[in-house]
Amino acid sequence: MSLEDKYLITVGLEVHCELRTATKLFCGCANTFGSPPNTNICPVCLGLPGALPVLNKRAVEYAIAIGLALNCDIRRSVFARKNYFYPDMPKDFQISQYDEPICVEGFLELPVAGKRVGIVRAHIEEDTGKTTHVGSSGRIQGADFSLVDYNRSGIPLVEIVSEPDMESADEAREYVSELRAILVATGATDGKMEEGSLRVDANVSVRRKGTDELGTRCEIKNLNSLRSLGRAIQYEARRQMEIVEEGGRVHQETRHWNEDSGMTSSLRSKEEANDYRYFPEPDLVPLEPSHEMVESVRATLPVLPPARRAVLSELAGGKPSPSELEQIGTCVALELDGYVNSAVAAGVPFKLALSRAANELAALVGAGGAVANESFVELLRAEDSGRLSATQTKAVMSRLAELGGSVEDAITALGFVGLSDSEVAALVERVTSENPDEWSRYLAGENQLAGFFIGAAMKASGGKVNGRIFSALLAGKREVSRH
Amino acid sequence: MAIVDMSAREMAAAVRAGEISAREVVEAHLGEIAAHDHEVSAFLLVLEDEARRRASEIDAAIARGEEVGPLAGVPIAVKDNMALRGVETTCASRILAGWRPPYTATVLERIEAAGAIVIGKTNLDEFAMGSSTENSGFFATRNPVDPSRVPGGSSGGSAAAVAARFAPLALGSDTGGSIRQPASLCGVVGAKPTYGLVSRYGLIAFASSLDQIGPFARSVEDAAALLAVIASQDPKDSTSLAAGFDASEITSGVRGMRIGVVEEMLDGVSPGVSSVLDAAIAALVDAGATVERVSVPAARFGLSAYYLIAPAEASSNLARFDGVRFGLRVEGEDITETYLRTREKGFGAEVKRRIMLGTYALSAGYYDALYGKAQQVRTLIARDFAAAYERFDALISPTSPTVAFRFGERSDPLSMYMSDVCTIPSNLAGHPGMSVPFGAAEDGMPAGVQVFAPALGEGTMFRVAMALEASAAKPAVPVWRSAAAPGGAA
Amino acid sequence: MSSDQISRDETLHIAHLARLAITDEEAAIYASQLSAVLAHARDIGALDIAGVEPTMHAVSMRNVMREDVVEGSLDRDEVLASAPSSEAGMFVVPRIVGED
């Protein structure tokens, strides 16, 4: 029995999401990524003496949108100061929401895992600046000095805290990918993990099966991709299992994920770090979103991924298979469900449309390519009609994603313009007359010989013959010959 | 009449009418500062060149026939905890020595737009923490009426500057009495407006939920004129109220007004101050008001609540003085050591004491018993005041239990904190309060009467203040103007 | 209310939380001064005011917000001119050892 079989893993996630506002949370500095250092700064986000924060209304609307999308209650909330010294925090306190967050008690459905993950809260807070550690190793420890850029300081964030409802790395990944899709759909964020627009911390603990009490958790930071998240959870869970197995105790601490080594390492465990001396921010007044404000945000919400998934599930006859569920999830997460819907509306079978969107199109889009919805539909109709083979369809799609242009031009350029019906008929005549023995056996009922003739036709035509058309004409000739 | 003896309104009227130039007004005050500030040390920085330049601009604008504002050419002394772009702003702290803010406080924009001229930055207790201006990180300010005594604090430099005729107007900030108490001790008018009436943007915070900027002047009407200029909503301050102040209705008297004397503020008051209050009550009665004693029971707990809330907020507000972005840095081996050394060197003892007290009050395990409870007491104080205002239009009390004390006389922090026992409750409740000089108490030193009104009741408060001023004895004068200095100093 | 007497160790801990370097002798002085202030605050500790809403603000405003419109930022050179140390358009700080 392996260790993994003896233990249960519990994962809770904290996701920080940068909001796509024009300005920062408490001042009018531009919220942009990649500006030269310290060019988007003002007395407020630089924490200069005497400066005061004023709340960005758009940030509040985005937070409400996120709360609604996650089925949360939108409540009266109060900003608080979280006090600790760190050079990337200009005021040496962070303005956040503490015991009265704006969004509480929501949930998110994981379609593949088939479970509901509770959302404890989602609250508004300001981002910190960025420190660059200059020195020998590039790590924090041992740096000779650090450089601080406050462009990011004060950028609005919503922190979404889940219940510890996930029980595997896969579930955690699905949660983040589903959450990301929802957040992007609301327009609140661009969801770019690689630019830090979405940052994930994972709380991981393990316990022996058959026990109820949760184990001591560790918080893992620096998870910059879904891949890191999955690997880090697996590593950390295994580490904790080994400690417990050997009779040791897991210490509650924050750990850093190192992508290169594939390991987590202790970042800090000082108890003092927890005394943040929270108190209500006296420079801001309570935020009590009115019914009208909440409803006006609700009215602007687009159709969200769960509803979009439901549309595809309906097309699957209401009971999608597990693999279809996964494909549906992928399509919705990558916002490709519109392609599937269009293709089905144009008469393409659902299974084909779903498969092409979730597999080939998803891969192309993931690699940075793009295919127009109309082209996708046109291409799939060509495949469905038999004009293009599966292999040809995929090749055409790749070319469209890379170079654009019309479907017809791509087919021509790739030499997939099939033979005309009379040319195929001529080919049927040729291969049957060149192989009289096989033809006789085929006529006598050896149906599998159709494949032999197709192979011969492919060879003779240099691959240009459409197998389905050839088969149809071949079968037609047999019918005629028998009578 | 000498220019420096004119009221601010008279000066502005004369300047606007072209009878005197703004430049003459500025020169007269700079002359007074040059002649006497060595006796008072009211200023941390005198803005001679800038003030002259501004005065010339105003004179030129008048010559062109342009509108120059209600305070045209009037010099204003500004407490050095308000940011003025490009001008050293220190809060009288070594940690900010040399700091030139890249922006200007909203109040200073307002007074400049009104034509007033910032003539200098005045001394204060470091970060406005204190009641004597002895805690300045640079030097102590002396009371112009008797330089062996403190001017009060924390806005001691501004109060002293106005009393000394270095400027007819000044701005101070009041967190627990820092405008009213020095006004009382120096014999000038000082008002703390309703919390939120004047923008705090650019005021270097001590305790954000209590801090409020307000005017100093030698007359109630001048104070009202300055308040009218600075009171308005500021989109840069989330706690700023959609309200202003109209100075035109403050002369209508107190006939028929019901005025309460706060019983809880009579304990421990010196005999001289007590007689001043009695005389003030008699004057109000003469003017047609009904005056009765009233109890505001929770006011007794004001001092305790204040010395938890204010340090707690201060401990957080003052965290940013860390040697990273501005101000002093004492380099250490690493960032933590740099923080420790910078703050050790940069802050004075009183500031450290309050930061420690506030850190303690907020720390894990004590929040509910200390900070949380103090905030509940605040509710009680507001309730008790509200009950009093159901029966009274305004309330009065002594401003300070005593007259100005001598340097070093109060070395124990707690006895110093007691100076603010009468002023603190209105900061906690957010109500306006002001001090009006009402003659002399012990040793011929000035003493003020404090007037309170409900939130945004400045109109009523100033009416009472006007009535008091009308009956007050001749105001105290700087020592160099009196034949024999009062008290035993001479 | 907690015990009024603050120990010297507690004082040193508080000083470190507030990033104030103080000597042992200073700690003793602060300990007694802080204790005195807290002893004075004992009067409110004795008040039975459970259920009384705390007052965080003297003003009773709600929902003060600004529109999401970009305003000017500061000139970097002017800001960095006030910094104790800067390089390459950034603020320079001594090395960061761990985190606490």
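Every value quoted in this text rests on a predicted model; they were computed, and no experiment measured them.

Conventions used here
- Residues numbered from 1 in each chain as written.
- Chains lettered and ligands numbered in written order.
- Predicted model: local features only at pLDDT ≥ 70, side-chain atom pairs only at ≥ 80, totals over all residues.
- Helix = DSSP H or I, 4+ residues; strand = E, 2+ residues; numbered from the N terminus.
- Rg over C-alpha atoms; globule rule 2.2 N^0.38 Å.
- Buried ≥ 20, exposed ≤ 12 C-beta atoms within 10 Å, placed from the backbone.
- Contact = placed C-beta atoms within 7 Å.
- Pairing = 2+ DSSP bridges.
- Axes fitted to C-alpha atoms, helices over the stretch in contact; angles between N-to-C directions.
- pLDDT = per-residue confidence, 0-100.
- Parallel < 35°, antiparallel > 145°, perpendicular 65-115°, else oblique.
- Nonpolar A, V, L, I, M, F, W, Y, C, P; charged D, E, K, R; others polar.
- Expected span 1.5 Å × (residues − 1).
- Arc of directions from axis to C-beta.
- Core = buried A, V, L, I, M, F, W, Y, C linked by C-beta atoms within 7 Å.
- Domains from an automatic or database assignment.
- Left-handed = near helix turned anticlockwise from the far one by under 90°.

Participant: Describe the overall build of chain C, listing the residues and the values that go with them.
Facilitator: Summing up its helical and strand segments, chain C has four helices and three strands in all. Reading the secondary structure of chain C in the N-to-C direction produces α-α-α-β-α-β-β. Relative to the 2.2 N^0.38 estimate, which gives 13 Å for 100 residues, the radius of gyration of chain C is 22 Å and therefore markedly larger than a compact globule would have. C-alpha extents for chain C along the principal axes are approximately 55 × 45 × 25 Å. In chain C, buried positions account for 29% of the 100 residues.

Participant: Explain the environment of Gly-157 of chain B to me, and be specific about the residues and the numbers.
Facilitator: Residues and elements named next belong to chain B. Assignment of secondary structure puts Gly-157 in helix α5 (residues 156–163). The buried category is assigned to Gly-157, around which 34 C-beta atoms lie within 10 Å. Apart from residues no more than four positions distant in its own chain, Gly-157 is found in contact with Ala-42, Phe-43, Lys-79, Thr-122, Asn-123, Leu-124, Thr-133 and Thr-141.

Participant: So what's going on with the sheet that holds strand β10 (residues 433–440) of chain B? Which residues, and what values?
Facilitator: Residues and elements named next belong to chain B. Here 11 strands make up an open sheet; going across it, the order is β1-β3-β2-β4-β6-β5-β10-β11-β9-β7-β8 and the pairing mixed. The sheet is open, and its two edges are formed by β1 (43–46) and β8 (290–294), each paired on a single side. Averaged over neighbouring strand pairs, the angle between their axes works out to 30 degrees when direction is ignored. α5 contacts β1, β2 (75–79), β3 (117–122), β4 (169–174), β5 (189–192) and β6 (212–217) of the sheet and is inclined by roughly 155 degrees relative to β4.

Participant: Tell me about the interface of chain A and chain C, residues and numbers included.
Facilitator: Listed by partner, the interface residues are 46 residues for chain A and 33 residues for chain C. Breaking the side of chain A that touches chain C down by element, the ones donating at least two residues are β2 (55–56), α2 (57–69), β8 (130–135), β9 (143–149) and β14 (263–268) of chain A. Bridge count for β2 of chain A against strand β1 (residues 65–66) of chain C is two bridges, and the pairing is parallel. Bridge pairing in β1 of chain C links Asn-56 of chain A to Arg-66 of chain C.

Participant: Provide a residue-level description of the confidence of the model for chain C, including the pertinent values.
Facilitator: Close inspection of predicted coordinates is inappropriate for parts of the model with low pLDDT. All names here are of chain C. Scored by pLDDT, chain C has a mean of 86; 93% of the residues are at 70 or more. Mean pLDDT in chain C bottoms out at helix α3 (residues 42–45), which sits at 80, and peaks at β1, which reaches 97. At the level of chain-chain contacts, confidence expressed as ipTM amounts to 0.95, with global pTM at 0.88.

Participant: Describe the packing of helix α9 (residues 302–317) of chain B against helix α11 (residues 349–362) of chain B, listing the residues and the values that go with them.
Facilitator: Residues and elements named next belong to chain B. Across the interface, α9 lies against α11 with an axial gap of 7 Å and an inter-helix angle of 100 degrees. In this view, α9 runs roughly perpendicular relative to α11, as classed from their interaxial angle. Along the contact surface, α9 presents Leu-308, Pro-311, Ala-312, Glu-313, Ala-314 and Ser-315, while α11 presents Arg-354, Ile-355, Leu-357, Gly-358, Thr-359, Ala-361 and Leu-362. Broken down by class, the residue content of the contact of α9 with α11 amounts to eight nonpolar, three polar and two charged.

Participant: Could you give an account of the interface of chain C and chain B, naming the residues involved and the relevant values?
Facilitator: Contact with chain C, which involves 44 residues of that partner, is made by 56 residues of chain B. Elements supplying a minimum of two residues to the side of chain C that touches chain B: α1 (8–17), α2 (24–40), α3, α4 (76–81) and β3 (90–94) of chain C. With six residues, α2 of chain C is the single largest residue contributor to the side of chain C that touches chain B. Grouping the amino acids of the side of chain C that touches chain B by side-chain chemistry returns 31 nonpolar, seven polar and six charged.

Participant: Help me get a handle on the sheet that holds strand β15 (residues 279–280) of chain A, residues and values and all.
Facilitator: Residue and element names in this part refer to chain A. Within the open sheet, the three strands sit side by side as β5-β4-β15. Their pairing is antiparallel. In the strand order of this sheet, the two ends are held by β5 (93–97) and β15, each with one partner. Direction of pairing for strand β4 (residues 79–83) relative to β15: antiparallel, over a ladder of two bridges. Paired with Ala-80 across the strands is Pro-280, a residue of β15.

Participant: I'd like to hear about helix α3 (residues 48–63) of chain B, residue by residue, with values.
Facilitator: The α-helix winds at 3.6 residues per turn, so residues separated by three or four positions along the chain end up facing the same way. All names here are of chain B. In a regular helix each residue adds 1.5 Å, so 16 residues correspond to 22 Å; α3 covers 22 Å between its end C-alpha atoms and thus fits that length. Taken as a whole, α3 has its buried residues at Ala-51, Arg-54, Ala-55, Ile-58, Asp-59 and Ile-62. End-on view of α3: buried residues confined to an arc of 140 degrees, all on one side of the axis. Facing away from the buried side of α3 by more than 90 degrees, the exposed set consists of Asp-49, Ala-60 and Ala-63. On its buried face, α3 is in contact with α1 (8–16), α2 (22–40), β2 and β3.

Participant: Describe the environment of Thr-23 of chain A, listing the residues and the values that go with them.
Facilitator: With respect to the helices and strands, Thr-23 of chain A occurs in the loop between β1 (7–18) and β2. Given 25 C-beta atoms within a 10 Å radius, Thr-23 of chain A is considered buried. With residues near it in sequence (within four places) discarded, Thr-23 of chain A still touches Gly-28, Cys-29, Ala-30, Asn-31 and Asn-56 of chain A together with Asp-68, Val-69 and Val-70 of chain C.

Participant: Tell me about the nonpolar core, and name the residues and values.
Facilitator: One finds Ala-63, Ile-66 and Ala-202 of chain A together with Ile-76, Val-162, Ala-394 and Leu-468 of chain B to be the most contacted residues of the largest nonpolar core, which totals 324 residues. For this core, the element with the highest residue contribution is helix α3 (residues 169–186) of chain A, accounting for 10 residues. Taken together, domain 1 (3–299) and domain 2 (303–413) of chain A each give at least three residues to this core, which thus spans both. Counting residues in hydrophobic clusters, the runner-up holds 10 residues, among them Val-424, Val-431, Phe-453 and Leu-474 of chain A.

Participant: Would you mind going over the packing of α2 of chain A against α3 of chain A in detail, with residue names and values included?
Facilitator: Working note: a packed helix pair is described by the angle between its axes plus the distance between those axes. Residues and elements named next belong to chain A. Running from N to C, α2 and α3 cross one another at 135 degrees; their axes reach a closest spacing of 10 Å. Judged by the inter-axis angle, α2 sits oblique to α3. Judged by the twist between their axes, the crossing of α2 over α3 is right-handed. When α2 is examined against α3, the residues Ala-65, Ile-66 and Ala-69 are found in contact with a partner set consisting of Ile-182, Leu-183 and Thr-186.

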